[in-house]
Every structure is written in structure tokens, then in C-alpha cells.
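Here is what each chain is made of, one letter per residue.
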Amino acid sequence: MIVMRFRVTYGKYSELTADVQQMAHGGILIRVTDAPNLAFETPVELELVLPDGTTLTTAGKVLQLLAGHGIAVSVSPQFADEARRHAGAGRDNPRGAPARHERVDRTTAAPPPRVQPEEPSNAQKIQIALHGNRDERNAILRDRNRMLHAYVLKNPGLTVDDVLAIAKNPQMGPELFKQIAERPEWLQRSQIAVAL
């Protein structure tokens with residue numbers, strides 16, 4: 001007997017984290033509509049392909065068929081814990097693709113090729129610097145292109161603590177320090193002034 005297999009390929013850890021919350025309750029919704037001949041308790045296999053290419057597999061059973069939405073599949077607490085551990089260890093790529101849910105033929109399917117994410121263009125990096133969160137801003141500050149660093153100072157989410165960390169970092173260029181010094185609201189802070 002051929003066991004039907006489902007694969008969920010994640011481009012973002014945030015989507016995996018949302019599914020891990022479902023798994024904590026004993027199941028996961030597989031958003032496929034091409035799974036005929038399934039009934040309650042039908043054995044299935046589940047494969048999760050994480051954004052870093054790691055593959056997690058488990059056996060489960062059909063919990064519920066949701067017409068137009070997909071199939072709820074059971075997962076063990078151990079599998080949910082394993083997925084949670086991986087979800088907590090990864091960082092989202094802002095350009096990651098949405099999760100892809102599919103039915104795959106177990107006998108002929110090969111795991112999808114691991115694709116290296118392409119480097120964002122300078123225009124995309126500027127947008128990340130201007131609108132990104134703290135981790136994204138710090139990634140821009142580590143970029144070799146120092147011209148991008150100045151855009152981080154224009155990010156509305158930048159806090160005084162962030163500016164202090166930049167001012168204390170000897171790897172930053174003098175032009176960035178000058179821009180910090182030109183902003184009275186930052187230079188009035190004694191810690192920033194001392195750091196500069």
C-alpha cells in the first residue's frame with residue numbers, strides 16, 4: 001500500500017513558528033486540495049523542508065478533511081518539539097518565499113534543490129536600512145559598503161541605545177560618527193558624546 005506523503009516547504013521561519021503553534025495541539029493543517037481517497041485515521045507521511053534546507057519527516061494520520069482548506073494531519077509531541085527547536089534557532093530572510101504545501105509521490109519525489117538566497121541589491125539594502133528591524137539594521141551595519149550605513153541613522157525605529165551601540169563600535173566609519181554628532185538630540189546624551 002502506498003502511503004500518501006505531504007511536503008511543506010518554508011521560506012520563512014515565522015511561518016514555521018505559526019505552524020509549530022498548531023503542532024503543539026497535536027496536528028498541522030496541510031493546505032492541499034489534490035488528496036483523493038483520504039478518510040479519518042488514514043496513515044500519511046509528512047515532510048517539512050525548513051528555510052535552511054533541513055528536512056524533518058514523520059508519520060501521522062488524517063485528523064480531519066476541511067473542504068476547500070486542506071487536511072489536518074496528526075503529529076507527535078516529539079516531532080512538534082523538534083520543529084519548535086529549529087524554528088527558534090533560525091532567522092527570517094525578508095525575501096523568503098511563502099510556505100508551499102504539496103502532495104508528493106513518495107516513490108519518485110526528490111527533495112527540492114537547495115537554493116542559495118541571492119544577495120539583495122543596494123536599493124533593497126537601503127530599504128532594509130530605512131525600514132528594517134534591529135537585526136536587519138545590524139546586518140546592514142556589517143555590510144562592507146559603508147555608504148549604506150548612513151541610511152540606518154534615518155530609520156524611525158532607531159533607539160538611543162542603538163545609536164549608542166553604533167557610536168561605541170570602532171568598525172564604523174568617521175562619516176557615520178560625524179552624522180551622529182550633528183544630531184543634537186543624540187549628542188546631548190552624555191554616553192553618546194563620550195563614545196564619540
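Residues numbered from 1 in each chain as written. Predicted model: local features only at pLDDT ≥ 70, side-chain atom pairs only at ≥ 80, totals over all residues. Heavy atoms only, no water.

Q: Would you mind showing me how to read the layout of surface pockets here?
A: Unoccupied space between atoms shows up once a probe the size of one water molecule is rolled over them. In this structure, the second largest pocket occupies an estimated 160 Å³ of space. Along the walls of the second largest pocket sit Arg134, Arg137, Asn138, Leu141, Arg142, Val152, Leu158, Asp162, Ala165, Ile166, Asn169 and Met172, which together make up its complete lining. Listed by contribution, the elements that provide at least two residues to the lining of the second largest pocket are α4 (134–141) and α6 (160–168). Tallied by class, the residues present in the lining of the second largest pocket amount to 6 nonpolar, 2 polar and 4 charged. (1 Å grid on protein atoms, 1.4 Å probe; cavity = no way out; pocket = protein on both sides within 12 Å on 5 of 7 lines; lining within 4 Å. Points joined across faces, edges and corners; volume = space filled by probe spheres on them. Helix = DSSP H or I, 4+ residues; strand = E, 2+ residues; numbered from the N terminus. Nonpolar A, V, L, I, M, F, W, Y, C, P; charged D, E, K, R; others polar.)

Q: Just to check I follow, could you spell out unusual backbone geometry for this structure?
A: What you tend to see is this: most non-glycine residues have negative phi, and most peptide bonds are trans. For Glu41, which is not a glycine, the phi torsion comes out positive at approximately 75 degrees. Tracing the sequence through the fold places Glu41 in the loop between β2 (27–30) and β3 (43–49).

Q: So what exactly am I meant to see when it comes to helix α1 (residues 13–23) here?
A: Side chains that are three or four residues apart share a direction in an α-helix, a result of its 3.6 residues per turn. Residues Tyr13, Leu16, Asp19, Val20 and Met23 constitute the buried set of α1. For α1, the angular spread of the buried residues around the axis is 115 degrees, confining them to a single face. The secondary structure elements touched by the buried residues of α1 are β2, β3, α2 (77–89) and β6 (100–104). (Buried < 20%, exposed > 50% of the residue type's maximum accessible area, 1.4 Å probe, protein only. Arc of directions from axis to C-beta. Contact = heavy atoms within 4.5 Å.)

Q: For this particular structure, what's the right way to read the pairing of β2?
A: Where a strand is regular, its side chains alternate between the two sheet faces. Burial along β2 is two-sided: the residues Gly27 and Leu29 and Ile28 and Ile30 are all buried. In the sheet, β2 pairs with strand β5 (residues 70–74) via 4 bridges, with the strands oriented antiparallel. Looking at β5, one finds that Ile30 is bridged to Ile71. (Pairing = 2+ DSSP bridges.)

Everything listed is a geometric property; what it means functionally is a separate question.
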